[in-house]
Amino acid sequence: MKKNIVLIGFMGTGKTTVGKKVAEKISLSFIDSDEEIVKKSGMSINEIFNRFGEEYFRKIEGEVIEELSNLEGYVISTGGGIVKNQENILNLKGKGAIIYLNGSAKKIEENIKKDADNRPLLKTDNVLNKIISLLEERKDLYRKAMDFEIIIDSLSVDEVAEKVIDIYRSI
Ligand code: S3P
């Protein structure tokens, strides 16, 4: 069985950018759970949240993660909230390395500035406070779900990608 790399972590930690880079460098296929949700529902992430709410989004997300967990030889980038549902982690466990991209709230805020509109949970006046409180809520969940952790704050995208590749080669 060809193993997967599963990238987890908060919004704005570079899961998609890093995932694409890694896949390219070591010739694995790449797939992103948010993109699959958009394809499956025929709506943007914003539209799903606005029209049907977070609970509905989580339901489709769960279905997508279950489908993706059957893949082999993929880099799978996941949405920042998959850890809220233990079932997602149970589905992904044992099918490859689950790597937590861990960034500070400040770093995440900086990264997200470029793409805040696409993140319905961060549509608020004080984005940093919201990041801090969501991170607080989730940090133990990421820890519990992960097999490996990469602290991204002082690393470039290429450096994070190299660390992911080192981990993949070690498993
Ligand atoms: C979410 C993260 C987003 C997306 C949705 C909810 C979250 O994905 O799935 O907006 O709850 O953290 P990214 O982590 O790719 O931004």
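As shown above, the structure is provided for reference.
None of the values given here were measured: they were computed from a predicted structure.

Observations regarding the nonpolar core
And step 1. The biggest cluster of nonpolar side chains holds 31 residues, and the ones touching the most others in it are Ile8, Phe10, Ile37 and Ile131.
And step 2. Elements supplying a minimum of two residues to this core: strand E1 (4-9), helix H3 (45-68), helix H4 (86-92), strand E4 (96-102), helix H5 (105-112) and helix H6 (127-145).
And step 3. Ranked by residues supplied to this core, first place goes to H3 with 8 residues.
And step 4. With near-sequence residues (within four places) excluded, Phe10 lies in contact with Lys15, Leu101, Ile108, Ile131, Leu134, Leu135, Arg138 and Tyr142.

Observations regarding the packing of aromatic side chains
And step 1. In the structure shown here, the tally under the stated rule is 3 aromatic pairs.
And step 2. Geometrically, the ring pair formed by Phe49 and Phe57 is tilted, given 4.8 Å between the ring centres and 40 degrees between the ring planes. Neither Phe49 nor Phe57 differs from the other in exposure class; each is buried.
And step 3. Between Phe52 and Tyr56, the aromatic rings sit 5.0 Å apart at their centres with planes inclined by 45 degrees, giving tilted as the arrangement. Separated by 4 residues within a single helix, Phe52 and Tyr56 lie in helix H3, roughly one turn from each other.
And step 4. Overall, the relative accessible area of 42% leaves Phe52 in the partly exposed class.

Describing the site of the ligand
And step 1. Close to the ligand lie 13 residues; Lys15, Asp34, Arg58, Gly80 and Arg138 are nearest.
And step 2. Contacts to the ligand include Lys15, whose side-chain N or O atom sits 2.7 Å from an oxygen atom.
And step 3. One of the backbone nitrogen or oxygen atoms of Gly81 is found 3.3 Å away from an oxygen atom of the ligand.
And step 4. Protein burial of the ligand: of its 390 Å² of free accessible surface, 95% is covered by the chains.
And step 5. Placement of the ligand is best described as lying within the largest pocket.
And step 6. For the shell around the ligand, the element with the most residues is H3, which contributes 3 residues.
And step 7. In terms of residue class, the shell around the ligand is made up of 5 nonpolar, 3 polar and 5 charged.

Considerations on the layout of surface pockets
And step 1. Taken as a whole, the largest pocket encloses approximately 880 Å³ of empty space.
And step 2. For the lining of the largest pocket, the elements supplying multiple residues, two or more each, are helix H1 (15-26), helix H2 (33-41), H3, H5 and helix H7 (157-170).
And step 3. Considering each element in turn, the lining of the largest pocket owes the most residues, 6 residues, to H3.
And step 4. When grouped by side-chain class, the residues that make up the lining of the largest pocket number 13 nonpolar, 14 polar and 11 charged.

With respect to H5
And step 1. Those residues of H5 lying buried are Ala105, Lys107, Ile108, Glu109 and Ile112.
And step 2. Against the buried residues of H5 lie H6.

Digging into the sheet that holds strand E5 (residues 148-151)
Picture the strands of a sheet paired through backbone hydrogen bonds; they go either parallel or antiparallel.
And step 1. In space, the 5 strands of this open sheet follow the order E2-E3-E1-E4-E5, with parallel pairing throughout. Strands with a single pairing partner mark the edges of an open sheet, and in this sheet they are strand E2 (29-32) and E5. Within this sheet the neighbouring strands show an average axis-to-axis angle of 20 degrees, counted without direction.
And step 2. For E1 and E4, the ladder comprises 6 bridges, and the chain directions are parallel. Looking at E4, one finds that Ile8 is bridged to Tyr100.
And step 3. The sheet contacts of H2 involve E2 and strand E3 (74-77), and relative to E2 the element is tilted by about 65 degrees.
And step 4. Along the sheet face, H7 touches E1, E4 and E5 and points at about 165 degrees away from the line of E5.

What counts, and at which threshold
Residues numbered from 1 in each chain as written. Predicted model: local features only at pLDDT ≥ 70, side-chain atom pairs only at ≥ 80, totals over all residues. Heavy atoms only, no water. Core = buried A, V, L, I, M, F, W, Y, C linked by side-chain atoms within 4.5 Å. Buried < 20%, exposed > 50% of the residue type's maximum accessible area, 1.4 Å probe, protein only. Helix = DSSP H or I, 4+ residues; strand = E, 2+ residues; numbered from the N terminus. Contact = heavy atoms within 4.5 Å. Phe/Tyr/Trp six-rings, centres within 6.5 Å; stacked < 30°, edge-to-face > 60°. Near = heavy atom within 4 Å. Polar contact = N/O pair within 3.5 Å; in protein donor to acceptor, adjacent residues only side chain to side chain. Areas by Shrake-Rupley, 256 points an atom, 1.4 Å probe, with all protein chains shown as cover. 1 Å grid on protein atoms, 1.4 Å probe; cavity = no way out; pocket = protein on both sides within 12 Å on 5 of 7 lines; lining within 4 Å. Sits in = over half its atoms within 2 Å of the grid points. Nonpolar A, V, L, I, M, F, W, Y, C, P; charged D, E, K, R; others polar. Points joined across faces, edges and corners; volume = space filled by probe spheres on them. Pairing = 2+ DSSP bridges. Axes fitted to C-alpha atoms, helices over the stretch in contact; angles between N-to-C directions.

Everything listed is a geometric property; what it means functionally is a separate question.
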